[in-house]
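Geometric and topological summary
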Amino acid sequence: MPGSLDLGYLAYLAANVPPWDIARAVAVRARRAVRGGLPKALTPFFFQAPQLSGGELLRQALTGRRPSIVDPSEREATAHLLRERYPEACRFILREADACKRGEVPVFGKWKDCRNRASGVEAADVTPIDYGLDPIGHRVRYDVSVPGPRVNLFLPGADAKAAWEVGRLQQLWRYGQARWLARTATERSAWARAWIATIRQFRADCPVGMGVQWSVAMEVSSRAFHVALSFAYVMDDPAIDRTALGEVAAMLEEHCAYAEEHLEETAAVRTNHYAADLVGPVVVGSLFPELPRARFWREQLGHKLWVEIERQCRPDGTHFESSTGYQRLVAELFLGAVLAARAGGNPAPRAVESCVAGLFRSIGALLKPSGNIPQVGDLDSCRGLPLMPRAALDCGYLPALGAATLLEPTLKMATSQCPVEVAWLLGTSGVERFESLPAHGRVASNLLSDAGIATLRSGDGYLCLTSGPNGQGGCGGHAHNDKNSIELSWGSVDLVLDRGTFVYARDPEERDARRGTAAHSTVQIDGAEQNRIIAGRLFALPDTSRAHIRFLGRSGGWEMASGEHVGYARRLHGVVHRRLAALDGRRRMAVLQDDLLGSGRHVVEVRFHVPHTNVNVRPATSLEMALLRDLPEQGSAPDAFDGTRVVEVAVEGRPFALFAFAASLPFHLSVEDSDVSPGYAERTPARTIALRLSGKVPAKIWTAVVVLPGEGMPSFHGATKGVAPSGET
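Everything in this summary refers to the structure shown in the same document. Bear in mind the structure is a predicted one, so any value in this text is a computation, not a measurement.

Calculation rules
- Residues numbered from 1 in each chain as written.
- Predicted model: local features only at pLDDT ≥ 70, side-chain atom pairs only at ≥ 80, totals over all residues.
- Heavy atoms only, no water.
- Helix = DSSP H or I, 4+ residues; strand = E, 2+ residues; numbered from the N terminus.
- Buried < 20%, exposed > 50% of the residue type's maximum accessible area, 1.4 Å probe, protein only.
- Contact = heavy atoms within 4.5 Å.
- Areas by Shrake-Rupley, 256 points an atom, 1.4 Å probe, with all protein chains shown as cover.
- Salt bridge = Lys/Arg side-chain N within 4 Å of Asp/Glu carboxyl O.
- Phe/Tyr/Trp six-rings, centres within 6.5 Å; stacked < 30°, edge-to-face > 60°.
- Lys NZ or Arg CZ within 6 Å of the ring centre and 35° of its normal.
- Axes fitted to C-alpha atoms, helices over the stretch in contact; angles between N-to-C directions.
- Parallel < 35°, antiparallel > 145°, perpendicular 65-115°, else oblique.
- Left-handed = near helix turned anticlockwise from the far one by under 90°.
- Core = buried A, V, L, I, M, F, W, Y, C linked by side-chain atoms within 4.5 Å.
- Pairing = 2+ DSSP bridges.
- Polar contact = N/O pair within 3.5 Å; in protein donor to acceptor, adjacent residues only side chain to side chain.
- Expected span 1.5 Å × (residues − 1).
- Bend = angle between axes of the 7 residues up to and from the residue.

**So, the overall build of the chain**
Counting secondary structure elements, the chain contains 18 helices and 19 strands. Going through the 729 residues of the chain one by one, you find that 63% of them count as buried. Residue pairs at least 24 apart in sequence account for 73% of intrachain contacts in the chain once pairs closer than 6 positions are excluded. Accessible surface for the chain amounts to roughly 26,400 Å². Of this, 54% is attributable to carbon and sulfur atoms.

What follows is the structure in structure tokens.
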């Protein structure tokens, strides 16, 4: 159910949100209330669904060049390059296009049968899609006769995000890409017809302003974004005749007018939704200057978007939602807007392009050796530029994509390969520009101070320590109670992970559990939350923990970082948690030292979420104890770890790593069944290593993670580089 009134949360907002932001939101609400009471005859044109004159607006587009990110004249050369250099990626694209044409659509990385069996329409160019169905919510259906803003997004067991994912029409990219890869004019026109048939069916089945697909302006804007950008791949095909052009124009006009009127700016804090609302009209206004309000969208809403991008991007390059998953989304959305504005002759300010480059740069600083990002905050698996099927956490391509599109050498590593996305987005000329760009990027331990994230790198070891503010200026948003939480990897093997997001409104209790302290690899005191979770408010998390990274450094061959938060200090005899993390790739060890500062007696729980199931408690061997005894010389551990009970993690049937513990208080050690969520609506089996202590603080806890001698790196994680259609429905 939607969030109820919480006076404490309102007081937090009043104390922490700038007064002018609150005043602005109130003014917007008042203005909309006044508009809502005006007679229809007095309502300005752009608040109504526009009436367009067929293909007349765009007819001239067929006779000459028009604004476009990718040049259609490069089709043959780009297709040749793609087939020669990226054959596997081309096969993925064609298989996805075929599946989408049959009515099977990828939803959060899983293939779902989304055919509209009740349509009565024979499959011709494409199989009709059921846009009112929640494909993961036990066949829950949304009523298309309900106005979008009145749709109940909290239907029991349903998840509007899944319906929205289908309604974004991302299959348009696949039809356009398949057209470019087609060998004959007949095949190319078949894909162009599939592209326009998708638009026709959506407009017929989802009337403007009605049903779940019109319930949130961000989704409306995102759909316009995908239509406008993917149009470049089909716009020169004979199948896109004057009638088709008129339908494209009408759809874009309808969507941008709706997004403009329903901008999500009525809350005290403007979120990623508001920025995404602006992206669609800016892209459309830049690439379709023939439309009546194109200039307004391009210039007036463009100015709002550029201001918002600068506001939402922190100085360290991270996004203010405090979510790595959402940073991936907005990086691609903002990049699309910047490139469209550049193509339309009205480029974004240089400061905005620098902010967008910062998003890509900080993602590069976060990347694991596998090319995945750590899960910090929410992950909803959504994409802005779905040019290639990718796993939800696979972001290894992003820095290179940013380098090629923004011509930024600091985003290119010496070992960087040109990702296939560059060819699709910029054509052969973009690939050539990337290859001629100098490589000034570097891989090292890094501190993102505004986000409160430290990444340690040593050899093939990687450790991410999170101790930063909650999202949206401390109001919560997509942040979690993950202060002093870690993710740990060796090569392609993840050993410690965040449990992930799983779902939002579909299961509110699970939502709160997943963003709670216990779902993260950190310390919990007396069962309390680091920041208060407000019942019924799935995206409110007022920041009282004041988490921060104390330092990043190097000593005695160890890469080191320390974080601290005061989330438990508000309780009686409160505790301040300080965690020191150290990583040594030569020894293939990681060490954590948790200092609990305060007074009184407390119950302490330390958890590590391990994405493997062969995890067992056993005694340490003499060789293993010898490895652990070497640690005190580095000043990172006590006199002795407990050798009677350590935890072995086996990977692909072989012992791979060992967790060992010591503490100034007696502790109980257990391994519990659990799971992790590597993408939205996904769960895979896992185990949680749990340490439980009780006694007086101050207290100390030490954890050592050792890769066992002679163990190579298993190969099972390589599949994250691309996701082929699996046929799963």
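**Quick notes on the pattern of salt bridges**
Counting across every chain of the model gives 47 salt bridges. Residue Glu308 is joined to Arg270 by a salt bridge in which the shortest nitrogen-to-oxygen separation is 3.1 Å. You can see Glu308 sitting in helix 11 (residues 294-312) and its partner Arg270 sitting in the loop between helix 9 (242-261) and helix 10 (272-287), a full 38 residues away along the chain. Residue classification places Glu308 among the buried residues on the basis of a relative accessible area of 2%. We classify Arg270 as buried; its relative accessible area is 10%. Residues Asp642 and Arg645 are paired through a salt bridge, measuring 2.7 Å at the closest nitrogen-oxygen approach. Given a relative accessible area of 25%, Arg645 falls into the partly exposed group. Ionic contacts of the salt-bridge type, sharing partners, join the residues Arg499, Glu510, Arg514, Asp675 and Arg683 into one network.

**Describing the packing of aromatic side chains**
Applying the stated criterion to the full structure yields 14 aromatic pairs. Judged by centre distance (5.4 Å) and plane angle (50 degrees), the rings of Phe231 and Phe288 are tilted. A residue pair is termed long-range when its members are at least 10 positions apart, and Phe231 in the loop between helix 8 (217-230) and helix 9 and Phe288 in the loop between helix 10 and helix 11 qualify at 57 residues. An identical accessibility class is assigned to Phe231 and Phe288; each is buried. It is Arg66 that lies over the ring of Phe288; its NZ or CZ is 4.8 Å from the centre. The ring of Tyr680 carries Lys161 above its face, with NZ or CZ at 5.8 Å from the centroid.

**Describing the packing of helix 7 (residues 185-205) against helix 9**
One can describe the packing of helix 7 onto helix 9 by two numbers: an axis separation of 10 Å at closest approach and a directional angle of 50 degrees. By the angle between their axes, helix 7 is oblique relative to helix 9. Where helix 7 crosses over helix 9, the handedness of that crossing is left-handed. Within the contact between the two elements, helix 7 uses Trp195, Ile196, Ile199, Arg200, Phe202 and Arg203 and helix 9 uses Thr243, Ala244, Glu247, Val248, Ala250, Met251, Glu254 and His255.

**Considerations on the nonpolar core**
Residues Trp195, Trp306 and Phe334 are the most contacted members of the largest nonpolar core, which totals 142 residues. Sort the elements by how many residues they give to this core and helix 12 (residues 324-343) lands first, with twelve residues. Counting residues in hydrophobic clusters, the runner-up holds 45 residues, among them Tyr568, Phe656, Ile689 and Leu691.

**A short note on the sheet that holds strand 18 (residues 684-696)**
On the basis of which strands lie adjacent, the open sheet formed by four strands has the order 8-13-18-17 and antiparallel pairing. Lying at the two open borders of the sheet, with one neighbouring strand each, are strand 8 (523-525) and strand 17 (667-676). The mean angle between the axes of side-by-side strands here comes to 25 degrees, regardless of whether they run parallel or antiparallel. Of the strand pairs in this sheet, strand 8 and strand 13 (residues 601-610) are connected by three bridges, and their pairing is antiparallel. Note that in strand 13 the partner of Ile525 across the bridge is Val604.

**Notes on unusual backbone geometry**
Excluding glycine, residues mostly carry a negative phi; peptide bonds, for their part, are mostly trans. Each neighbour pair has its own omega, and for Val697 with Pro698 the value is 10 degrees, a cis peptide bond. Along the chain, the position of Pro698 falls in the loop between strand 18 and strand 19 (699-707). In the Ramachandran plot, Ser322 falls in the positive-phi region, its phi being about 55 degrees despite a non-glycine side chain. Its location among the elements puts Ser322 in the loop between helix 11 and helix 12.

**Let's talk about the environment of Ser670**
Here Ser670 is to be found in strand 17. Distance in space between the C-alpha atoms of Ser670 and Ala690 is 5.3 Å, their sequence separation being 20 residues. Those residues in contact with Ser670, other than ones at most four positions away along the chain, are Thr688, Ile689, Ala690 and Arg692.

**Section: the environment of Tyr326**
By the element assignment, Tyr326 lies in helix 12. The spatial distance from the C-alpha of Tyr326 to the C-alpha of Asp380 is 7.5 Å, given a sequence separation of 54 residues. Those residues in contact with Tyr326, other than ones at most four positions away along the chain, are Lys161, Asn272, Glu321, Asp378, Asp380, His478 and Tyr504. Looking at Tyr326, its side chain comes within polar contact range of the side chain of Tyr504, at 3.0 Å.

**Digging into the sheet that holds strand 9 (residues 548-555)**
The strand order across the open sheet built from eight strands is 9-10-11-12-19-16-15-14, with neighbouring strands paired in antiparallel fashion. On the outer flanks of this sheet lie strand 9 and strand 14 (615-618), each paired with one strand and no other. In this sheet, adjacent strand axes meet at a mean angle of 20 degrees when their direction is disregarded. The sheet contact formed by strand 16 (residues 654-663) and strand 19 spans seven bridges and is antiparallel. Its bridge partner lying in strand 19, Ala657 is registered against Val707. In the packing of helix 18 (residues 622-629) onto the sheet, contacts are made with strand 12 (589-598), strand 14, strand 16 and strand 19, and the angle to strand 19 comes to roughly 125 degrees.

**Things to note about helix 4 (residues 87-101)**
The end-to-end C-alpha distance of helix 4 is 21 Å, a good match for the 21 Å that 15 residues give at a rise of 1.5 Å each. Among all positions in helix 4, only Ala89, Cys90, Phe92, Ile93, Glu96, Ala97, Ala99 and Cys100 are buried. Structurally, helix 4 contributes buried residues whose contacts are with helix 3 (75-85), strand 1 (104-107), strand 2 (110-113), helix 6 (171-181), helix 7 and helix 15 (420-436). Two residues or fewer past helix 4, Gly103 is found with a positive phi of approximately 95 degrees.

**What to know about the side chain of Ser215**
Mapping Ser215 onto the fold places it in the loop between helix 7 and helix 8. Classification of Ser215 as buried rests on a relative accessible area of 14%. Of note is the side chain of Ser215, whose polar atom sits 3.2 Å from the side chain of Trp164. Only 2.6 Å separates the side chain of Ser215 from the backbone oxygen of Val212, close enough to count as a polar contact.

**Points about helix 15**
Its 17 residues place the ends of helix 15 only 16 Å apart at the C-alpha level, less than the 24 Å of an ideal helix rising 1.5 Å per residue. At Leu426, helix 15 shows its largest kink, close to 130 degrees. A large share of helix 15 lies buried, amounting to twelve of its 17 residues. Inspection of helix 15 places Val420, Glu421, Val422, Ala423, Trp424, Leu425, Leu426, Gly427, Thr428, Gly430, Val431 and Phe434 among the buried residues, and these make up the whole buried set. Lining the buried residues of helix 15 we find helix 3, helix 4, helix 6, helix 12 and helix 14 (398-406).

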